[in-house]
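Fold and geometry: a report
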Amino acid sequence: MTNHWVDVKNADVILVMGSNPAENHPISMKWVMRARERGAKLIVVDPRFTRTAAKADLYAPMRSGTDIAFLGGMIKYILDNNLYFKQYVVDYTNSSFLVNPEFKGPGQLNGLFSGYDPKTRKYDKKTWSFQMEENGIPKKDPSLRNPSCVFQLLKKHYSRYTLDKVSSITGTPKEKLEEVYKLYASTGKPDKAGTELYAMGWTQHTIGTQNIRAMCIVQLLLGNIGIAGGGINALRGESNVQGSTDHGLLFNILPGYNPVPSASIVDLKTYIDKFTPKTKDPKSVNWWGNRPKYITSYLKAIYGKAATKDNDFGYAWLPKLDEGMNGSWLVLFDQMFKGKFEGFFAWGQNPACSGANANKTRKALAKLKWMVNINLFDNETASFWKGPDMKPAEIQTEVFFLPAASSVEKEGSITNSSRLAQWRYKAIEPVGQSMPDSEIMNELYFRVKKLYQKQGGKFPAPVVNLTWDYGEKGPDGKIKHVDISLVAREINGYYLEDIIDKKATPPKQLGKKGVLCTNFVTLQADGTTSCGNWIFSGSYTQKDGKVINMMARRGKDDPTGLGFFSGWAWAWPVNRRIIYNRASVDPQGRPWDPKRAVIKWNAAKEDPNTKKPGVWEGDVPDGPAPPLAMEGGKYPFIMMATGMGAIFGPGLADGPFPEHYEALECPLEENLMSKQRINPTIKLFYDKASGVPEDIYFSCDVRFPYVATTYRVSEHWQTGVLTRHQPWQLEMQPQMFVEMSEELAKEKGIRDGDKVTVSSGRGKLWAVAIVTDRFKPFKVAGSTVHQVGMPWCFGWQYPEDGSGGESANLLTPTIGDANTMIPESKAFMVNVEKA
Amino acid sequence: MSNNAMVRKASSFEIVNHWALAVSFFVLAVSGYAFLFHLEGVGSVFGGFNQMRAVHNWAGVVFAVSLFLTIFHYLPVSLHFTSDDAAWFGKAGGYFSKRAAVPPQDELNAGQKLYYLVVLAAGVVISASGIVIWLRPWAKSGILLSHLLHNISFDLMVIAIPAHIYLATLANPGTFRIMVYGTVPLSWAKKRHAKWVQRMGF
Amino acid sequence: MTTTNRKALLISPELCIGCRGCQTACKAWNQLPGTKTVNRGTVENPPDLTPQLYNRIRYVEMPSETSVRWLFVNQRCMHCGDAGCMKICPAPGALYRTKEGAVAFDKDKCIGCKLCVEGCPFDVPRYDEKGKIAKCHLCFDRIAYGLLPACAKTCPTGAIRYGERDALVEMAKKAGYQKVYGEMDLEGLGAIYAFRDAPKIYGYAEKPGIPESVVFWHKVLKPLSYIGLGGVVAASLIHYVAFGPKKDEEVKKDE
Ligand code: SF4
Ligand code: SF4
C-alpha cells in the first residue's frame, strides 16, 4: 500500500477492482464503510457480484482478464474530457518527458512495442528511452504538446480504447463503463481523493503487473498518489505477507528490495554499479542512490566480523542466480516435476492446493527424495502420497512433518499491508511438541553448520560465517532459545564504529559504536554499520541509552483526524504512513487539499536540526528537503531516479504502457485490440513441440467453453488448512462450490445445490452448484460468454470423510505474469457438467 | 329398614378410585396454578419447577387412568336422561329454596349427571392435551393449541370440582362419608335418591 | 417494560458485509459446537437458528432492475420489551429480564416445555438435546461487566452496535432511517433494525405481534382459572349462608 488501511476512510471515491475486501479483508471494510458514511462512493468492478459489490454505490461486471481494456478506456475518458489534474501531471510525472523518436507502440506494430524479438520472446528496450539534454537530464515539454512527449504518446496509445471496443472486450455495458469512468474521474480535482484497492484479482494474470501499472497511470493523471484518501493499495492476502516480501521471501530480492545478484555480477563493486541508479538532476533525491550503504550494511548484518573490506564484505558468499534463471513458483515446481530436486522444505505452505496446476505439483512431490512439511496441521502436501490417484507403494519420497507453533504461541512482529510492523506477544505456550519457526530454524542451522564444520563440503563459507547471535549459547555452542527481539535488533542495525559526519562543521557524531541505528539515513557503505533490512531501520532503536521497540508502541493519538496514528506501532520507511506524500502538496509546499493535509510546509517555524526557517508538519515527509519550488527543493517521487511519477514505465518486460492482451486460455479466437492474442513476453511452458501434457492449455476450445476464475471466501484461510480444522468455519462453508449464472445453469440443466463436475485441460473436481443472479453472462465480441467461479480452500485430506471437495487449483494453468511469474489463476477455461 | 340403617352407595373400588382422582387433581391443580402464575413457593415445595413438572405429568397419568375407570360406572347412568332430570332442573335441585320439593331421583340426579359429563369431557381433553404437551408427538404444531385446550379444560375443572366438593360436603352433610365408608344412611338416600332406594328395594 | 437505561443492539443491514464474524464470535463466547452442514446452493449456513447457533446471517438475494441486491440480515432474539416468550413461559426464572433489558435464560430453571417459541413473534427459541431453551441472551454475562456483546465486539463495520437504546434510536434516525424497526413495536425491541426498505424485504413482519391465541390465553384463560375458582368458592359460601345445607331431618318431617 502506498497509503494505509485507516486512510481508506479519507477517500471520496473508492474503486475496488481486482479485490474483494468484504470477503477477504473484512476488517478493511470498516474504513470503506466509514468513508461511505461521510458520503464517499464505492465502485466495485468484478466478474461476479460479491459481498463487496453488495455494498457498492456502483457495480460494473467485467469479464475476467480484461482489466487493462477497462482501465485503458478510463485513461482515454480522462484525457478526452480533460479531467486530469494538470499541474500535478506536469510537475510530478514524466508526462512531459520526450521519448526516443524510434519508439513505436502496439497501434503501429500490431499489438507489439518496438524492439520485440519473437525468438527470445523479449523486448530490446533500446527505443523505450527518454531523449536527454546535454547535462544528462531528460528533455521535457511542459506544454505537453510535443508529439514525442509521454503525454501525447499516452493519448495516442489509449485512443484505440474506445467505449465500443472496451465494452465488447470486457462485456461491461457501455453505460456502466461511462458511469464508472465519470465517477472515478471526478477525483481529478485537487480537493478530491480517489483510492484503489486491489489484490490477487489483478496480480494473478499474465498481464498482472500491467493491470496495476494501468491504475498507477490513472492515479497519476488524477493526482491521487501521495494524498490522503488516495494511492494504489495492495490488500495483502496474509497478515504478514508484506513482512515476508520486505524480508526477502521472493527468489529475486534480498531483504529491503535489494536485487538478488546473478552469477555474472562477480563482486560488490559490479553489483553496486549495476543496481545503483544515477541521476544528474539536482532536484531528484534518487533514493536508490543509497544502494551501496544498504547492501554493505546488509552483508555486515549477516556475516558479521567475517565480512571485511578485504573480502568484499562476504559478497561472494551470497547465493547467486544463474544468468537468466528464474526461481519463481511455477519454475520451481516445473523443475521438481522434472526431477531436478532432491529435497524440499514446504514451510508454512500447502502447495498441493495453493499453487496453480496443483495436479502437477502433487506429481512433482512424488519425484522428491525427501520433503519436510512444517505446518500446524497435516495437510494435502504432507500427505500427498496417500492422496487421490496416488500409489503409495511407488512413491519414494520420505516425508517429515514438523509441527509449528501458531501465531498466538510466539512473539514477534508482523507487517501488514499498511507497511505497519506491529509487535505481538505470546498468549499461550505452543501445544504439544510444536515449536515456533525460529526455534525450528535454530535447530536446523546448528545441525547443518556442525556438519559443514565437520565435513567441509563444497562451499561451507556462507553457512559457517553466518551470524547467529540470537541468544545465550549452550555448552554445545547452540543457541538455547532464540530471543526474537535480538533478531529484530539485527534487522534494525547497529553502529559498529563511531559514525562521524565529517562534512558538517563542526563534524557531528551520527552514531555511537555498539548502539542501535537511529534510522537508515545514518547507514554507511564502508562496513561501519550493520543493518539486516534498511527499510526497517528505525523500528528497534535506542534513545538516550534506552532501547525502544518502536513496533510495540500503542499510542492512540490522531491529532490530524486523518487516521495516521503515528504513535501506534511503526511503519516503514521511518514511520511514514503515506508514501510519496510530497506529491500531496504543490511546489510551494501547500497541500492540494488543505482539509486533508498529509504534510504542509510551515515557513515560519525553524527547523530544530538545521536551525533554518521552514519545517514540514504532519506525516513524516518523504525527505526533509524543502518544497520543490524552493531552494534545495526536491521532486516527490524519491524512489524513481528521475524523481517523477512514471506514466511511461520502461522498466517492465512487456511494455512502457499497459496494453490489453487476452489470458492464455480465453474464449476468443482473436484479441479485439490487436493481432497479438496473448502477452508476447510470457514464458510458455507448453507448446505442441515441447512440454509435458500436464501443462496443456485450451484456448477458444469447445471442450472448455466457460471462463473461470478462483477466489477465496471469508470463512476460510488460503487453502483452508487452518480453517477446515475449525468446526465453526467449516459449518458456514462446508463444501466446494461453483458459482454460475441462472442462464448457464438453465442451459446445462443444473439446479441450485446440484453436484456438478468442473473440468479443465489439467484436471477435474466436483462442486455444489450455486446458481445465482450474482453472475451474469457477458456479451463479448457480439456473443454470449459465460463465466463461473470457484474457491480453492478445500482439499481431500480434511474433512476426513472427503465431504469438503478439492481445490480449484487442480484446474488452473501453468502460466505466469511476464514480470513476476505470478500464476494466472484468475482467468482460464473450464467445462461444467451435471455430475 | 330403619332410616338409620346404612345403604351402600359406592364399592370400595370406587372409593379408592375417587381418592386417586381427588388427590391427583389436587396436585395437578396446585402445580397447574404454580405454572400459570409462577408461584415459586409452590414450586419449591416440589423441589423446583423441573420436579414439579415431572410430578404434574405423572399425577396427570394417575388422574387420566382413574377418570377412565369411572367410565364403566358412571357413564351409562349419566347418559341416561329421564323426565326426572327435567323435573330436577325445574326445581334447580332444590338448592335455591328451603321449601322446594325436589321430585324423587334415581341413582344420580341431573346435576350429578351433568357434572360427571363435564368433568369427563374436560378430563379427556386435559389428559389428551397434556400428553401432547408432554410427549410432543408432532413436534411443534399443535403445542399451543394443546396448551389452550389444557387451560380451557382446567378452567372448567376448577369451577366444577370445587362446586362438587361443596355440594358433597357442606351443602349435603353426610355425603362425604361415601368417600370413606361407601355407605349412607337410608334417610339420606331416601331424600336424595328416592327412586333408587325404591328400585334397589332397600 | 420498566427498565430505565435500557440497552439495545442496533443492527444495520446496510453496513453489514456478511462476513459472519458475529456468528463465529457468538459461538466462541458461548462455546457452542460447530455442526455438520452441507452446501445447499447458497452461502447461507446453517439454514436456521439452532440450539448451537444463537445468531446468524441470512443472505437475501433479490433481482433488481439494474443488477441484483444482496442483503445480509442478522437474525437473532429481539429482546422484546413485551416478550411473548416470557409471557408464555411457565417456569419462573427460566426466562428473565436483566437490568439492561435483555431477555436472558437459565437452563437450570427451564422445564423444557418448549412453549416459548410459541409465544415468540420471531420464531427464535430453540431447544438443546436436553430440551432446554437456547437463544441469544445479549451476552448477559459480558454486558453485566461492561463488555460489549461478542457479536458487536467483533463486527468490523458497525453493523451491530450495542449501547443505550435511546441513543441508538437517535443515531439511526440521524443516519437517515425514518423508521427504526422495533422502536415502538412490542414495547420496543431490544434489537432494533435500521431498515432502508419495508421490513418484509428483510424477512420481518411489518407489525410484529405476539400471536392472538397467546394473548387470549394470557388475558382470558389464565385469569379465568382463578376468577372461576374464586367465584365458586365465594358462591358456595354465600349459598351456605343463604340457604344452608340440605339436612336429612327435613325428609322426616315431610313424610
Ligand atoms: S424475540 Fe422471541 S425469544 Fe426473543 S425476547 Fe422476543 S419473544 Fe422472546
Ligand atoms: S460481523 Fe458485522 S459485518 Fe460481519 S456479518 Fe456480522 S453483522 Fe455483518
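A quick note: this is a predicted structure, and the numbers were derived from the prediction, not measured.

This next bit is on the nonpolar core. In this structure, Ile14(A), Met78(C), Phe122(C), Tyr193(C) and Tyr204(C) are the most contacted members of the largest nonpolar core, which totals 126 residues. Excluding residues within four positions of it along the chain, Phe122(C) makes contact with Met78(C), Cys80(C), Tyr181(C), Leu186(C), Leu189(C), Tyr204(C) and Pro208(C). One finds Phe70(A), Tyr184(A), Ile579(A) and Tyr661(A) within the second-largest nonpolar core, a separate group that totals 78 residues.

Turning our attention to the side chain of Ser66(B). As for its position among the elements, Ser66(B) is in helix H3 (residues 49-79). The residues contacting Ser66(B), other than those within four sequence positions of it, are Asn17(B), Ala20(B) and Leu21(B).

Before going further, it helps to examine the pairing of strand E23 (residues 613-618) of chain A. All names here are of chain A. Taken together, the five bridges between strand E22 (residues 599-606) and E23 define a ladder with antiparallel strand orientation. Bridge pairing in E23 links Glu 606 to Pro 613. Hairpin remark: E22 followed by E23, antiparallel, with six residues in the connecting loop; positive phi at Lys 611, about 60 degrees.

Before going further, it helps to examine the interface of chain B and chain C. Many structure descriptions define interface size as the accessible area lost when the parts assemble. Tallying the contact residues gives 41 residues for chain B and 41 residues for chain C. Approximately 3,800 Å² of surface area, both sides summed, lies buried where chain B meets chain C, with 62% of it carried by carbon and sulfur atoms. The three residues of chain B that bury the most area against chain C are Leu144(B), Tyr166(B) and Lys191(B), which together make up 16% of that side's buried surface. Counting the contacts that link chain B with chain C gives zero salt bridges. The interface formed by chain B and chain C holds 10 residue pairs in polar contact (both at pLDDT 80 or more) in total. For the side of chain B that touches chain C, the secondary-structure elements that each account for two or more residues are helix H1 (12-37), H3, helix H6 (143-168) and helix H8 (186-200) of chain B. In terms of residue count, H6(B) provides more of the side of chain B that touches chain C than any other element does, 13 residues in total.

Moving on, we get to the interface of chain A and chain C. Every contact between the two is made by 35 residues of chain A and, on the other side, 38 residues of chain C. Of the roughly 2,900 Å² buried between chain A and chain C on both sides combined, carbon and sulfur atoms contribute 56%. Considering only the side of chain A, the residues that lose the most area to chain C are Trp728(A), Glu731(A) and Met732(A), jointly responsible for 26% of the buried surface there. Seen at the junction of chain A and chain C, the total is four salt bridges. Lys27(C) is paired through a salt bridge with Glu731(A); the nearest N and O atoms lie 2.8 Å apart. Taken together, the links from chain A to chain C amount to 16 residue pairs in polar contact (both at pLDDT 80 or more). Residue assignment for the side of chain A that touches chain C shows that the elements contributing at least two residues are helix H2 (29-37), helix H19 (727-732) and strand E27 (763-772) of chain A.

Read across the open sheet, the four strands follow the order E8-E1-E10-E9 (chain C); overall the sheet is mixed. In the strand order of this sheet, the two ends are held by strand E8 (160-164) and strand E9 (180-181) of chain C, each with one partner.

So, about the site of ligand 2. The environment of ligand 2 is made up of 13 residues, and the closest members are Cys16(C), Cys19(C), Arg20(C), Cys22(C) and Cys155(C). Across the shell around ligand 2, the residue classes tally to nine nonpolar, three polar and one charged.

The next subject is the domain arrangement of chain C. Residues and elements named next belong to chain C. Annotation of chain C at the domain level lists domain 1 (1-209) and domain 2 (211-246). With six residues of domain 1 at the contact, the number on the domain 2 side is five residues. Approximately 480 Å² of surface area, both sides summed, lies buried where domain 1 meets domain 2, with 71% of it carried by carbon and sulfur atoms. Taken together, the links from domain 1 to domain 2 amount to zero salt bridges. Our count for the contact surface shared by domain 1 and domain 2 stands at one residue pair in polar contact (both at pLDDT 80 or more). Sorting the residues of the side of domain 1 that touches domain 2 by element identifies helix H2 (84-88) and helix H3 (116-119) as the ones contributing at least two each. Residues of the side of domain 1 that touches domain 2, tallied by class, amount to two nonpolar, two polar and two charged.

Our next topic: the sheet that holds strand E10 (residues 343-347) of chain A. All names here are of chain A. Strand order in this open sheet of three strands is E10-E11-E12, and the pairing throughout is parallel. Only two strands of the sheet have a single neighbouring strand rather than two, namely E10 and strand E12 (398-403). This sheet shows a mean twist of 15 degrees between the axes of neighbouring strands, independent of strand direction. One ladder, built from five bridges, connects E10 with strand E11 (residues 370-375); its direction is parallel. Paired with Ala 346 across the two strands is Asn 373, which belongs to E11. Of the strands in this sheet, E10, E11 and E12 touch helix H16 (residues 437-455), which is tilted by about 160 degrees from E10.

Right, let's get into the site of ligand 1. Around ligand 1 sit 13 residues, and of these Cys77(C), Met78(C), Cys80(C), Cys85(C) and Cys120(C) come closest. Its residues placed into classes, the shell around ligand 1 shows 10 nonpolar, two polar and one charged.

A word on the packing of aromatic side chains. All names here are of chain A. Taken as a whole, this structure holds 65 aromatic pairs over all chains when the rule is applied. Three or more aromatic residues joined by ring pairs form one cluster here, namely Phe 97, Phe 103, Phe 113, Tyr 116, Tyr 123, Trp 128, Phe 130, Tyr 158, Tyr 161, Phe 648 and Phe 657. One residue, Lys 320, lies across the ring of Tyr 315, its end atom 4.6 Å from the ring centre. Against the face of Phe 337 rests Lys 360, its NZ or CZ located 5.7 Å from the ring centre.

Definitions and cut-offs
Residues numbered from 1 in each chain as written. Chains lettered and ligands numbered in written order. Predicted model: local features only at pLDDT ≥ 70, side-chain atom pairs only at ≥ 80, totals over all residues. Heavy atoms only, no water. Core = buried A, V, L, I, M, F, W, Y, C linked by side-chain atoms within 4.5 Å. Buried < 20%, exposed > 50% of the residue type's maximum accessible area, 1.4 Å probe, protein only. Contact = heavy atoms within 4.5 Å. Helix = DSSP H or I, 4+ residues; strand = E, 2+ residues; numbered from the N terminus. Pairing = 2+ DSSP bridges. Buried area = accessible area lost by both parts, 1.4 Å probe. Salt bridge = Lys/Arg side-chain N within 4 Å of Asp/Glu carboxyl O. Polar contact = N/O pair within 3.5 Å; in protein donor to acceptor, adjacent residues only side chain to side chain. Near = heavy atom within 4 Å. Nonpolar A, V, L, I, M, F, W, Y, C, P; charged D, E, K, R; others polar. Domains from an automatic or database assignment. Axes fitted to C-alpha atoms, helices over the stretch in contact; angles between N-to-C directions. Phe/Tyr/Trp six-rings, centres within 6.5 Å; stacked < 30°, edge-to-face > 60°. Lys NZ or Arg CZ within 6 Å of the ring centre and 35° of its normal.

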